[in-house]
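# Chains, contacts and geometry: an overview
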Amino acid sequence: MISREDIDNLANLARLALDDAQKESLIKDLDNILGYFEQLKEARVGEVKTENYLAINVMRADEANTGVEFRQNGNGQYIRVKKIL
Amino acid sequence: MIIIEALKKMKAGELSSEKLVQDLLAKIEQENPKLNAYLEVFADALKQARAADKARQAGEDLPLLGIPLAIKDNILIGGRIASAASKMLENYHASYDATVIKRLKAAGAIFLGRTNMDEFAMGGSTENSAFGSTKNPHDSTRVAGGSSGGSAAAVAAGLALGALGSDTGGSIRQPASFCGVVGLKPTYGAVSRFGVMAMASSLDQIGSFGRTVADAELLFNIIKGKDALDSTSAELPSTLSVDGTKKLTIGVPENYLITGINPEVLANFRVSLAKLEQVGHTITTINLPSLKYALACYYIIMPAEASTNLARYDGVRYGAYEAGDSLFADYAQTRGRNFGVEVKRRIMLGTYVLSAGYYDAYYGRAVAVRQLIQAEFAKTFAQVDLIALPTAPTTAWPIGEKTADPLQMYLEDIFTVPANLAGVPAISLPSGRDSAGLPFGLQFFAPHFREDLLFMIGRSLEEV
């Protein structure tokens with residue numbers, strides 16, 4: 001069962017500002033959907049080794065990208081953000 | 001008009017791209033206010049057409065010269081808005097062309113406009129668009145399917161000759177089925193995703209819509225192939241010389257056709273297969289015991305990946321921005337106010353299945369089950385050429401019928417998600433109408449990079 005506290009925590013992790021009505025309906029929806037996932041418990045996955053999973057990340061070199069549109073928070077050269085510390 | 005016919009007429013000098021686009025624009029003006037298939041019709045469509053005509057007069061003969069196409073709103077065309085039907089990107093202008101767009105441009109295609117979709121491709125009805133739902137051209141009180149509902153409706157209603165969409169769990173095939181057109185989801189990696197907005201990166205594919213199999217095939221042949229900008233892309237094996245008259249063995253996973261399927265859909269499925277059997281193809285029962293877990297598996301992996309992919313929409317680099325009193329509040333308010341209900345639901349679900357304490361029970365398990373499904377597909381394709389399923393368990397439903405219950409909406413994806421989980425190519429083919437006049441779709445899966453077999457069975461079905 002999903003609690004109100006869980007929803008607050010998840011919204012925090014996901015950086016989503018939600019009002020009370022949205023949170024209430026999410027409790028109901030997530031409970032319902034997670035209930036549907038229960039069937040996966042019976043799947044016989046004993047033989048499967050997840051380290052052999054075919055989908056792997058292939059990274060490119062970390063290079064500056066000048067093609068990004070800095071519309072509202074910068075001057076085209078850099079992005080301006082609020083103080084973090 | 002179909003693409004192949006338009007090309008023939010243009011080559012013979014009987015039709016100009018300008019005339020073709022003029023006719024389409026007139027029809028769009030008349031039909032689009034009702035259907036809402038296009039979010040924007042490009043003001044320079046006629047200019048593009050005239051340029052194509054001029055090129056043809058100068059002796060150019062490109063494979064799609066002067067052919068007007070519609071593009072799903074999550075595929076970037078440099079300089080134009082790409083909103084993914086979200087308030088978040090309502091005014092975002094793409095700064096470059098997606099690889100598929102670059103390839104279509106090089107082939108001479110012109111772009112009529114960008115089509116409506118479920119926000120960030122999350123949905124199966126196009127009702128999750130921030131800019132109003134798309135209506136089904138066969139009955140405007142019903143959904144067009146989704147998430148590429150605008151592209152499917154545009155092609156079905158004759159508002160474009162062909163279109164591109166994206167398919168993460170059925171988003172090309174299901175609207176193609178609901179609107180009565182051909183929809184292809186290529187093999188994972190067959191088409192570059194560079195420049196399509198990422199939703200679930202291990203599942204997403206770009207594919208084509210056409211009124212005929214040959215049109216969908218023609219578009220696929222232009223956009224396919226390795227791209228240095230997408231590390232998951234691959235070159236297709238060079239032309240697989242299949243004899244077009246070869247008879248195929250088609251497997252039917254009977255154990256998966258049990259629950260929740262509309263009787264009319266099932267009856268149509270049987271009749272369509274019987275027709276294929278009559279012309280010499282073999283129908284056989286196959287057993288894919290793990291297929292029953294596919295939907296649950298998909299609805300864990302997809303939101304998990306989507307929740308991380310959508311982290312980039314934070315108001316800092318592009319898109320909407322809502323100022324708060326801290327950087328955290330900037331993020332949370334921008335995202336809270338500009339994402340729609342379904343997008344927020346999937347972000348929350350994805351965050352949950354990836355969070356500490358639940359990761360192994362949900363995400364880890366889903367990844368393991370996905371491998372079981374992949375292994376069963378590999379084994380099955382050693383015995384059969386194709387796997388057949390209906391595209392969707394129902395035909396197009398009335399607008400609003402499923403919006404209150406997200407799980408009911410998810411269950412509509414039951415026959416399409418296995419192809420994405422296994423990474424195999426799949427096609428939805430029109431196969432008649434139900435008693436209310438709504439189109440049915442017949443779906444086939446083929447082994448990796450065997451799109452040729454899908455086109456072959458498609459042509460066979462068109463002939464019967």
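The structure reproduced in this document is the subject of the present report. Note that the structure is predicted; figures quoted are calculated from it, not measured.

Residues and elements named next belong to chain B. The strand order across the open sheet built from 11 strands is β1-β3-β2-β6-β8-β7-β12-β13-β11-β9-β10, with neighbouring strands paired in mixed fashion. Since the sheet does not close on itself, it has two edges, and those belong to β1 (38-41) and β10 (282-286), each with one partner. Along the sheet, successive strands turn relative to each other by an average axial angle of 30°, direction set aside.

Residues and elements named next belong to chain B. The biggest cluster of nonpolar side chains holds 168 residues, and the ones touching the most others in it are Leu69, Cys297 and Ile300. With 11 residues, the top contributor of residues to this core is helix α9 (residues 294-309). Excluding residues that lie within four positions of it along the chain, Leu69 makes contacts with Leu104, Ala109, Phe111, Leu112, Ala160, Leu161, Gly162, Ala163 and Leu164.

Another aspect to go through is the packing of helix α2 (residues 17-35) of chain B against helix α3 (residues 45-57) of chain B. The description of two packed helices rests on the angle between their axes and on the distance between the axes. Residues and elements named next belong to chain B. One can describe the packing of α2 onto α3 by two numbers: an axis separation of 8 Å at closest approach and a directional angle of 160°. When the axis of α2 is compared with that of α3, the two are roughly antiparallel. Relative to α3, α2 is oriented so that their crossing is right-handed. Across from Ser17, Glu18, Val21, Gln22 and Leu25 in α2, the residues of α3 making contact are Ala45, Leu46, Ala49, Arg50, Ala52 and Asp53. Classifying every residue of the contact of α2 with α3 by side-chain character gives 6 nonpolar, 2 polar and 3 charged.

This next bit is on the interface of chain A and chain B. Bring the parts together and some accessible area is lost; that lost area is often taken as the interface size. The interface is formed by 34 residues belonging to chain A together with 44 residues belonging to chain B. Breaking the side of chain A that touches chain B down by element, the ones donating at least two residues are α1 (4-13) and α2 (20-37) of chain A. At 7 residues, the largest contribution of residues to the side of chain A that touches chain B is made by α2 of chain A. Class assignment for the residues of the side of chain A that touches chain B results in 23 nonpolar, 6 polar and 5 charged.

A word on helix α7 (residues 213-223) of chain B. Burial within α7 of chain B is extensive, with 9 of its 11 residues counted as buried. Following α7 of chain B by one or two positions, Gly225 of chain B has its phi on the positive side, about 110°.

So, how was this worked out
- Residues numbered from 1 in each chain as written.
- Chains lettered and ligands numbered in written order.
- Predicted model: local features only at pLDDT ≥ 70, side-chain atom pairs only at ≥ 80, totals over all residues.
- Pairing = 2+ DSSP bridges.
- Helix = DSSP H or I, 4+ residues; strand = E, 2+ residues; numbered from the N terminus.
- Axes fitted to C-alpha atoms, helices over the stretch in contact; angles between N-to-C directions.
- Core = buried A, V, L, I, M, F, W, Y, C linked by C-beta atoms within 7 Å.
- Buried ≥ 20, exposed ≤ 12 C-beta atoms within 10 Å, placed from the backbone.
- Contact = placed C-beta atoms within 7 Å.
- Parallel < 35°, antiparallel > 145°, perpendicular 65-115°, else oblique.
- Left-handed = near helix turned anticlockwise from the far one by under 90°.
- Nonpolar A, V, L, I, M, F, W, Y, C, P; charged D, E, K, R; others polar.

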